[in-house]
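Observations on the three-dimensional arrangement
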Amino acid sequence: MNDPRPPKLAEKLLLRFIKEDLAEEVLGDLDEKYYSVLEKHPKKANRNYWYQVLNYIRPFALKKTKSKYSKLTIMFNNNFKVAWRSMKRQKMYSAIKIGGFSIGIMVCLLILLYINDDLSYDQQYQEKHRVYRLVNHMNDPTDTERWTSFSPAIKKVLESDYPEIETVGRLIPFDWFNGGNNQMRPEGQDIITYEEGFMYADPELLDILEVQMVYGSTENALSNPKSILISEDKASKYFPGENPIGKTIILNEDTAAHYTIGGVMKNFPKNSHLQTDFLLTLVGEEFWPGEQSSWCCSNYNTYLRLYDGSNPTQLESKLLSIRDNHLVPHFRQRGNLWADELEKFYSIELQGVTDIHLRSTDIHSEFSKGDITMVWLFGIIAIIVLALASINFINLSTAKSANRAKEVGLRKVIGSGKSTLVFQFLTESILYSLVSFILAIILAVILLPYFNIIAEKSLSIPFLEWWFIPLIIASAVIIGVISGVYPAFYLTAFKPLSVLRGDTSRGSKSAGLRSVLVVFQFTASILLIIGAVVVNEQMNYITRKKVGFDKDQILIIHGTNTLGQKAESFKNEIKQLSSVEEVSYSNSLPVEGTMRNNNQFWIEGTSTTKEGVGAQIWGVDEDYVKTMGFKVVMGKDFDPTLTTGNPILINQTMAKELGVEDPIGVLVTNKFEPPYRIVGVIEDFHYETMRDEILSLCLRLQGGNSLAAVRFNPQNVDETLSKATEIWEQFAPNQAIRYSFMDEKFNAMYKDVQRTSRIFNIFSILAVFVACTGLFGLSGFMAEQRRKEISIRKVLGASVHSIFRLLSSNFIRLVLISFVIAAPIGYHYLEKWLEDFEYRIPLSWGFIAMAGGIGLLVALITVSFESLKAGFQNPVQGLRSE
Amino acid sequence: MEKNYLGEFEELVLTMVGILGEEAYGNAIVQEIETKLNRKVNLSAVHVTLYRLEDKNLVNSSMGGATTTRGGRRKRYFKITNTGLSLLHDMQEQRTELWKLLPTLKFSTI
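All chains use their own residue numbering, which begins from 1 and follows the written sequence. A letter from A marks each chain and a number from 1 marks each ligand, given out in the order of writing. Only residues with pLDDT of at least 70 get local features here, since the model is predicted, and only at 80 or more are side-chain atom pairs given and counted; chain-wide, interface and lining totals rely on the full set of residues.

**Describing the overall build of chain B**
- In DSSP terms, a helix is any run of H or I states spanning at least four residues, a strand is any run of E spanning at least two, and both are numbered starting from the N terminus. Secondary structure assignment for chain B yields four helices and two strands.
- Shown N-terminal to C-terminal, the secondary structure of chain B runs as helices and strands in the order α-α-α-β-β-α.
- Looking at the 110 residues of chain B, the share that counts as buried comes to 27%.
- Each residue gets a C-beta atom placed from its backbone, and two residues are in contact if those atoms lie within 7 Å. Contacts spanning at least 24 positions in sequence make up 45% of the contacts within chain B whose residues lie at least 6 apart. Any residue whose C-beta has 12 or fewer other C-beta atoms within 10 Å is treated as exposed, any with 20 or more as buried, and any in between as partly exposed, C-beta atoms being built from the backbone.

Right, dumping it as structure tokens:
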């Protein structure tokens, strides 16, 4: 058996950390100690030795970490130094590498913030996995439709018949009785203020959507009839510094619309699909006799919370019994053929609350929404831009390899192995990547406010989040490695002998790969250009298309219903103004945000034998058609002297759908009111966005004075406005005038599409720019490499033109190949995008060719800079060095 | 005047260096403390203290010759300096002065 010896591992450990000049005596002392312990307690000796060793981990005994003798740190420092020098030596190439990289990373960062914000919608509910919204689904083979409003009676049925449902809450989020926009004042105050977004809600909804309260509780806030819940913002606006519970709010000076404040809620978070400052209770509310128990009219968005563990798919199939037991019988009883359609195609779906924001593009609802496909599209753009920048890095590094070849050769001769060299070049690319990241973050901080304006978001860079800095560093390293790994292996593969002998491979070996990468870059760029061109054309088409009325000369004055009896004289006074041509009262205008409805109409006497025609019915006055500039194509406009007998005007679409040759004089009914008599047909006009077809519409004479449309002479807008304001102040001294211009409102309907196209444009331009910087670098490199050849050619009489062609033809060929690849792909996807629009431009090859032309032109300009410089240079300069 | 006092452990180690004379090195001091005072101390603790005393100029050190025991490794011998010795004296005197002021202890039961 061996003599016991001090544990080797402990000795090694000690040597690892202890100062070298201490090691000898310490080891000696420890040895002595070990043997003396061994004599007395043989079992303890080893343990004691370890214990003593570990006790030497104290500052006095430790090695200096930045010891001058550590090889690793020396190498690392050296690598950095070399990287820094080569960065400084080739300023232009470094600038292109770093500039492209930082733009790419900045774009990525902005897009990620944008996507992250979109994805964060409705994630705040603790029970989000069991909160759902009900969606109607009509799966008619010719036209599927999804919408969110349900009949009021559905609540009771859901509560009693389905044990897996815990709570049901309904919401009316649109213009409906006191919902929508109101002129309001707290009781006891004089000033009347316009407020938007009043909604009706069941008290249960507060619980389902986990509304946070400032005053009051979710159980009691809406539990009494005529109670209202207001947001923190509005509470501090109207009742600063006090608890407003129990105070009264009066809407539209209406004695029936006195609401008592039952609570104050925190403002909804920005990333909640539901945004409102005022919730009116549905408790005790019945909008007409028998409304709450009827199945006739769908006005209620319905939210559910299921019990834990219930299966939503199963519930969906169970919900078909609502169709069979309630909806179908309701319509069948009334002889409505809608019942058959329902029976065949209708179902009710559950949509998870977290899907409402991004996955509702085909659902008709009142909430603003994002689009999951946009999230994907932007994500793809982010990756493309980053790839373009990385490719620049790879291309330029391999192209410039000649300059590093000698260095690599020498290092190899001195004895450095391949792995150390790879490590060196990776350090270099990580250094580039880190510098680029820092620049990118600075750029992003500078540009974020502008991006927020364009994207209509309020994004901020989450510097303070714990994951941000580590994430940035990790991605910098990863991207550095990804884009550095190929150049690193490429550069280290040089044979020292041939390199040092002067056999410069000049980086031409990798020309094939470089060409492929350039083709990839330009394919992506041309795709983005094609996209940008077509999206812009479509936008122009929509905003300039004739809409069927004069949107450019109409001023809308809102809230005229509060004038009450004085409305008629207000209208007359406005009409007196010299610049005003026509004035008309109504509730509905062909722009978003005004009243809409839906009715079924039948030609009198056919309601049991035929399907009804779904149509809007707008309440207007007799000046409406003149004011809006609609064209009457058949019959006559309303006759102010002949208002009896329920005259209506219909649009061409409705005339077609009713299916009568001569609709003039025909009686139609919606079964609620006495029949209407059609007196005229007006030309179709766009009253929804151009994504949608023009649908049936009729105008009737009564009811509707919340908006005054004023047709004016556009030459003196300011004067008209100031005079109208004066008149308004005489009539409603406590209430500010609220007006808008129809063309602005009209353009606002396309805001989301415009916003998307603008973001798309910006990112496309940046992507193309990044690709071009790479091309610029490459062309510069080519020109430099062939400097002698060009000089000799010039001496022999070559023209600038021929040298230019010599240098740029290769690049132009690559760009043409890219175009051939990009064109069909772009055509395919844009055709798909355009299909979404009811009124769209035809996708011609002209656009594609134009985009290709732009791409080619940009590439040509980029390349020509260096090529021309080479062409114009004095041949002496290129030759005299030898 | 520099501070003329030491911590308890420093004083102990310094005294031991004085007692051991020519034979004062790390492990010897540890052993000595163990046998004389029956007190367990860490080698590293003694080591730290020795170097601290050397920084204060109270001891100086030199490497000894090669040995046959301890794996042929040399020992670092410490020797008390005159400053060290006089500091020990001073401290001793101060302590006796103080002792004189202490009243005779009386124990009483209540």
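From this point, things continue past the structure.
**As for the overall build of chain A**
- Along chain A, the regular secondary structure elements total 27 helices and 25 strands.
- Here chain A holds 882 residues, and the buried ones make up 37% of them.
- Taking as baseline every contact in chain A between residues at least 6 positions apart, the subset at least 24 positions apart corresponds to 82%.

**So, unusual backbone geometry**
Residue and element names in this part refer to chain A.
- Of note, the phi angle at aspartate 122 is positive, near 55 degrees, even though the residue is not glycine.
- Residue aspartate 122 is classed as buried on the basis of its 20 C-beta neighbours within 10 Å.
- Positive phi, normally seen in glycine, also occurs at glutamate 253, with a value near 55 degrees.
- Take glutamate 253: it is sitting in the loop between strand 9 (248-251) and strand 10 (258-265).

**Some thoughts on the environment of valine 135 of chain A**
Residue and element names in this part refer to chain A.
- Of note, valine 135 is situated in strand 1 (residues 131-140).
- Measuring from C-alpha to C-alpha, the distance between valine 135 and tryptophan 147 comes to 5.8 Å, with 12 residues separating the pair along the chain.
- With residues up to four places along the chain from it excluded, the contact list for valine 135 reads Arg146, Thr148, Glu349, Gln351 and Ile363.

**Quick notes on the environment of lysine 545 of chain A**
Residue and element names in this part refer to chain A.
- Residue placement: lysine 545 occurs in the loop between helix 17 (511-544) and strand 15 (554-558).
- Taking the C-alpha atoms as reference, lysine 545 lies 9.3 Å from tyrosine 839; in sequence the two are 294 residues apart.
- Beyond its immediate stretch of four places on either side in the chain, lysine 545 contacts Met690 and Tyr839.

**Quick notes on the sheet that holds strand 15 of chain A**
All names here are of chain A.
- By the convention used here, strands pair only if DSSP detects at least 2 bridges between them. Reading across from one edge, 16-24-15-25 is the order of the four strands in this open sheet, with antiparallel pairing throughout. The strands lining the two open edges of the sheet, one partner per strand, are strand 16 (580-586) and strand 25 (739-741). With direction set aside, neighbouring strand axes in the sheet form an average angle of 20 degrees.
- Inspection of the sheet shows strand 15 paired to strand 25 by three bridges, in the antiparallel sense. Directly across from isoleucine 556, in strand 25, lies its bridge partner serine 740.
- Here helix 18 (residues 567-576) sits on the sheet in contact with strand 16 and strand 24 (707-712), set at roughly 160 degrees to strand 16. Here the axes come from fitting lines to C-alpha atoms, over the contacting stretch only for helices, and the angles between their N-to-C directions go from 0 to 180 degrees.

**Considerations on the nonpolar core**
Residue and element names in this part refer to chain A.
- In this structure, Val107, Val385, Leu388, Ile530, Ala767 and Leu775 are the most contacted members of the largest nonpolar core, which totals 78 residues.
- Secondary structure elements with two or more residues in this core: helix 5 (91-119), helix 12 (372-399), helix 14 (418-455), helix 15 (468-492), helix 17, helix 23 (751-785), helix 25 (800-834) and helix 26 (845-872).
- All domain edges in this entry derive from an automatic or database-based domain assignment. Residue assignment places this core across two domains, with domain 2 (91-118 + 377-506) and domain 4 (510-546 + 760-882) each supplying three or more.
- Those residues in contact with valine 385 that lie beyond four places of it in its chain are Gly104, Val107, Cys108, Phe763, Leu766, Ala767 and Val770.
- In plain words, the nonpolar core is the set of buried Ala, Val, Leu, Ile, Met, Phe, Trp, Tyr and Cys residues that C-beta atoms within 7 Å link up. Core analysis: the next-biggest nonpolar cluster, separate from the first, contains 52 residues, Phe150, Tyr300, Leu319 and Val328 among them.

**Some points on the packing of helix 12 of chain A against helix 17 of chain A**
Residues and elements named next belong to chain A.
- At their nearest, the axes of helix 12 and helix 17 sit 10 Å apart, and the two run at 155 degrees to each other. With respect to each other, helix 12 and helix 17 are oriented roughly antiparallel. Of the two possible hands of crossing, helix 12 and helix 17 adopt the one that is left-handed. Here helix 12 contributes Ile384, Leu388, Ile391, Ile394, Asn395, Thr398 and Ala399 to the contact with helix 17, which in turn contributes Arg514, Leu517, Phe520, Gln521 and Ala524.
- Taken together, the residues of the contact of helix 12 with helix 17 break down into eight nonpolar, three polar and one charged. Each angle is binned into one of four classes, with values under 35 degrees roughly parallel, values over 145 roughly antiparallel, values of 65 to 115 roughly perpendicular, and all other values oblique. Each crossing is labelled by how the near helix is turned from the far one, with a counterclockwise turn of less than a right angle marking it left-handed and a clockwise turn marking it right-handed. Each residue gets one label: Ala, Val, Leu, Ile, Met, Phe, Trp, Tyr, Cys and Pro are nonpolar, Asp, Glu, Lys and Arg are charged, and the others, such as Gly, are polar.

**As for the interface of chain B and chain A**
- At the interface, 16 residues of chain B touch 16 residues of chain A.
- Mapped by element, the contributors of at least two residues to the side of chain B that touches chain A are helix 2 (26-37) and helix 3 (43-55) of chain B.
- Classifying every residue of the side of chain B that touches chain A gives four nonpolar, seven polar and five charged.

**Regarding helix 4 (residues 82-101) of chain B**
- Between its first and last C-alpha atoms helix 4 of chain B spans 29 Å; for 20 residues at 1.5 Å apiece the expected length is 28 Å, and the two agree.
- Burial of helix 4 of chain B is sparse: only two of the 20 residues sit out of reach of the surface. What a helix is expected to span follows from its residue count: subtract one and scale by 1.5 Å.

**Some points on the environment of arginine 501 of chain A**
- Relative to the assigned elements, arginine 501 of chain A resides in helix 16 (residues 496-501).
- Distance in space between the C-alpha atoms of arginine 501 of chain A and glycine 409 of chain A is 9.8 Å, their sequence separation being 92 residues.

**Brief notes about the packing of helix 12 of chain A against helix 15 of chain A**
Residues and elements named next belong to chain A.
- Axis separation between helix 12 and helix 15 bottoms out at 9 Å; the angle between their running directions is 20 degrees. If you check the angle between helix 12 and helix 15, you find them roughly parallel. Regarding helix 12 and helix 15, the two cross each other, and that crossing is right-handed. Residues Ser390, Phe393, Ile394, Ser397 and Thr398 of helix 12 pack against Ile479, Ile482, Ser483, Tyr486, Pro487 and Tyr490 of helix 15.
- Here the contact of helix 12 with helix 15 is built from residues that sort into seven nonpolar, four polar and no charged.

**A look at helix 14 of chain A**
Residues and elements named next belong to chain A.
- For helix 14, built from 38 residues, the straight-helix expectation of 56 Å at 1.5 Å per residue is missed by more than 12%, its first-to-last C-alpha distance being only 49 Å.
- Note that the bend at a residue is defined as the angle between axes fitted to the seven residues ending at it and the seven residues starting at it. Within helix 14, the axis deviates most sharply at leucine 447, by approximately 45 degrees, and proline proline 449 lies no more than four positions further along.
- In the stretch just after helix 14, glutamate 456 is the one whose phi turns positive, near 50 degrees.

Geometric descriptors of this kind do not, in isolation, establish any biological role.
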